[in-house]
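Per-entry structural report
Listed here are the chains, written in short residue letters.
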Amino acid sequence: MTPFHLKIVTPEGICYDGQAQSVTVCGISGYLGILAGHIDLTTSLGTGEARILIAGELRRAYCSRGLLSVQKGEVTLLPTVFHWTE
């Protein structure tokens with residue numbers, strides 16, 4: 001899979017800033033997936049599990065409320081709460 005830049009920022013600070021291959025998060029209307037080349041998008045986040053593929057490794061996190069933005073191939077996740085499960 002083609003990587004893209006992902007930045008995850010919470011009120012506490014930056015949780016991740018680097019390359020990712022996919023992002024799956026809970027939106028307000030259900031889960032949505034982001035891959036490289038996704039159209040520009042801004043949407044609200046719901047509460048649920050985030051699944052992020054980084055260097056071929058699937059990482060999981062609790063993600064709640066906030067925004068997801070895809071702009072010019074870069075993805076920014078701005079959740080109110082984000083905790084890696086590991």
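The structure reproduced in this document is the subject of the present report. (Residues numbered from 1 in each chain as written. Predicted model: local features only at pLDDT ≥ 70, side-chain atom pairs only at ≥ 80, totals over all residues. Heavy atoms only, no water.)

1. Some words on the overall build of the chain
What the chain contains, in helices and strands, is zero helices and eight strands. Across the chain, helices and strands are ordered from the amino to the carboxyl terminus as β-β-β-β-β-β-β-β. Dimensions of the chain, computed from the C-alpha atoms along their principal axes, are close to 25 × 25 × 20 Å. By the burial criterion, 38% of the 86 residues in the chain qualify as buried. For the chain, the share of sequence-separated contacts (at least 6 apart) that also reach a separation of at least 24 residues comes to 43%. (Helix = DSSP H or I, 4+ residues; strand = E, 2+ residues; numbered from the N terminus. Buried < 20%, exposed > 50% of the residue type's maximum accessible area, 1.4 Å probe, protein only. Contact = heavy atoms within 4.5 Å.)

2. Concerning the environment of Ala 36
For Ala 36, the location among the structural elements is in the loop between strand 4 (30-34) and strand 5 (41-44). In sequence terms Ala 36 and Gln 21 are 15 residues apart; their C-alpha atoms lie 7.1 Å from each other. Those residues in contact with Ala 36, other than ones at most four positions away along the chain, are Thr 2, Pro 3 and Phe 4.

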